[in-house]
Amino acid sequence: MVLKAELHCHIEGAASVTLVERKAAKYGADVSGFIRGGKFVWHDFTSFLHAYDQASMLFRTQEDYADLAEDYLLALSRQDCIHSEVFISTDHALSAGLDPQAYIEGLAEGMRRAKDATGIEGRLIATGLRHKGPDAVLAAAQYIVDHPHPLVTGFGMAGDERMHHPKDFAPAFDLARDAGLGITVHAGELSGWESVADALDALKPSRIGHGVRAIENPDLVKRLADEQILLECCPGSNISLGVYPDFGAHPFAELARAGVAVTLNSDDPPYFHTDLAREYEIAKTHFGYNEDMLTAVTATALKAAFVDDETRAALLARLDADKTVRAGDERFAGSVSSS
Ligand code: ADE
Ligand code: ZN
């Protein structure tokens, strides 16, 4: 059992089929267009986004989102996760007819309930959706800057990376950065290494969502390592969406060997038949990571988390204490088996 941290998961994409079906029953909605046989149905990135948008329309009240955040963080805690950062989208709230303030309060309430029950830390990263264009992303940034919340500590951009150029979004990111929010942006998932380089130049993030296709340019890999830009890697998502044909072709371990800070994340767990524990398991099985290496991945995530210094120190101390206990257990097991 390795303690874990997650920096990259979309809260709308974390809603389990069971929870979505419960909300559908509450609202008398038909889900047969995007859930069949207990699974979300999609076949490519665009249809994935469509299914995800449809499911999110069933979260319509503050309490629906409190339920979702609590459900997800409790599930993470059962996987030995001690810190969770989720992407939120005021655009999705608005589309469902929910006031963004009620959306954020609901999510924060769910995180508080999960923390009270398990001790798991949670933070929210506001996002704009790239395919909605620069004005919409600027509006998302403006909203969050005008309505600060203690648990909203970052700003990012998700959605279809193949649309628009990162520099079109610079005003939104400048606004968020100037307000003290941590900055992350999806790049190098659906598009190649140039997309990562352009995002770095135009938006100055400290973290990149995915970023794995930086591997296509050795100079860019060196830049990521030199500037210690953290990659929020999501291997299970990448295989599901066909970014790579199989885990053997995934560049996670190669990026790590080149000195890039890499982490493990679930992205949209039920859509990609994964969860955070499975991502750590993938690293063990396919990338040759042992428990010490996996613990180092968690430490990397905590060092780059969008939290204050006191919270970071407490999380790292928790990780350290667990490592010491596990080392003691191993020594004890060794002495028992050798006697
Ligand atoms: N929104 C939800 N999941 C996403 C992904 N994998 N890439 C871009 N935007 C997303
Ligand atoms: Zn993502």
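Residues numbered from 1 in each chain as written. Chains lettered and ligands numbered in written order. Predicted model: local features only at pLDDT ≥ 70, side-chain atom pairs only at ≥ 80, totals over all residues. Heavy atoms only, no water.

(A) Structural detail: the packing of aromatic side chains. One pass over the structure, following the stated rule, counts 13 aromatic pairs. Where Tyr52 meets Tyr271, the ring centres are 6.1 Å apart and the plane angle is 50°; that geometry is what we call tilted. With Tyr52 in helix α2 (residues 45-56) and Tyr271 in the loop between β10 (262-264) and α12 (276-287), this residue pair connects regions lying 219 residues apart in the sequence. Here the two residues Tyr52 and Tyr271 agree in accessibility, since each one is buried. When the centroid spacing of 5.2 Å and the interplanar angle of 15° are considered together, the rings of Phe252 and Phe287 count as stacked. Taken together, the positions of Phe252 in helix α11 (residues 252-257) and Phe287 in helix α12 put the pair 35 residues apart, joining distant regions of the chain. Comparing Phe252 with Phe287 shows no difference in burial state: the two are buried. Positioned above the aromatic ring of Tyr27, the side-chain terminus of Arg60 is 4.4 Å from the ring centre. (Phe/Tyr/Trp six-rings, centres within 6.5 Å; stacked < 30°, edge-to-face > 60°. Helix = DSSP H or I, 4+ residues; strand = E, 2+ residues; numbered from the N terminus. Buried < 20%, exposed > 50% of the residue type's maximum accessible area, 1.4 Å probe, protein only. Lys NZ or Arg CZ within 6 Å of the ring centre and 35° of its normal.)

(B) Local environment of the packing of helix α8 (residues 193-203) against helix α9 (residues 218-226). Between α8 and α9, the shortest axis-to-axis distance is 10 Å and the interhelical angle comes to 40°. Here α8 is positioned oblique relative to α9, judged by the angle of their axes. The two elements α8 and α9 cross, and the hand of that crossing is left-handed. Judged by residue contacts, Trp193, Val196, Ala197, Leu200 and Asp201 of α8 engage Leu220, Arg223 and Leu224 from α9. Taken together, the residues of the contact of α8 with α9 sort by class into six nonpolar, no polar and two charged. (Axes fitted to C-alpha atoms, helices over the stretch in contact; angles between N-to-C directions. Parallel < 35°, antiparallel > 145°, perpendicular 65-115°, else oblique. Left-handed = near helix turned anticlockwise from the far one by under 90°. Contact = heavy atoms within 4.5 Å. Nonpolar A, V, L, I, M, F, W, Y, C, P; charged D, E, K, R; others polar.)

(C) Local environment of the site of ligand 1. Residues in close proximity to ligand 1 include His10, Phe45, Phe48, Tyr52, Ala158, Gly159, His186, Glu189, His210, Asp267 and Asp268, which together make up its full environment. In the model, a nitrogen atom of ligand 1 is placed 2.8 Å from a nitrogen or oxygen of the Asp267 side chain. When ligand 1 is considered free in solution it has 260 Å² of accessible area, and contact with the protein chains removes 99% of it. For the shell around ligand 1, the leading source of residues is α2, giving three residues. Here the shell around ligand 1 is built from residues that sort into four nonpolar, four polar and three charged. (Near = heavy atom within 4 Å. Polar contact = N/O pair within 3.5 Å; in protein donor to acceptor, adjacent residues only side chain to side chain. Areas by Shrake-Rupley, 256 points an atom, 1.4 Å probe, with all protein chains shown as cover.)

In short, shape yes, function no, at least from these values alone.
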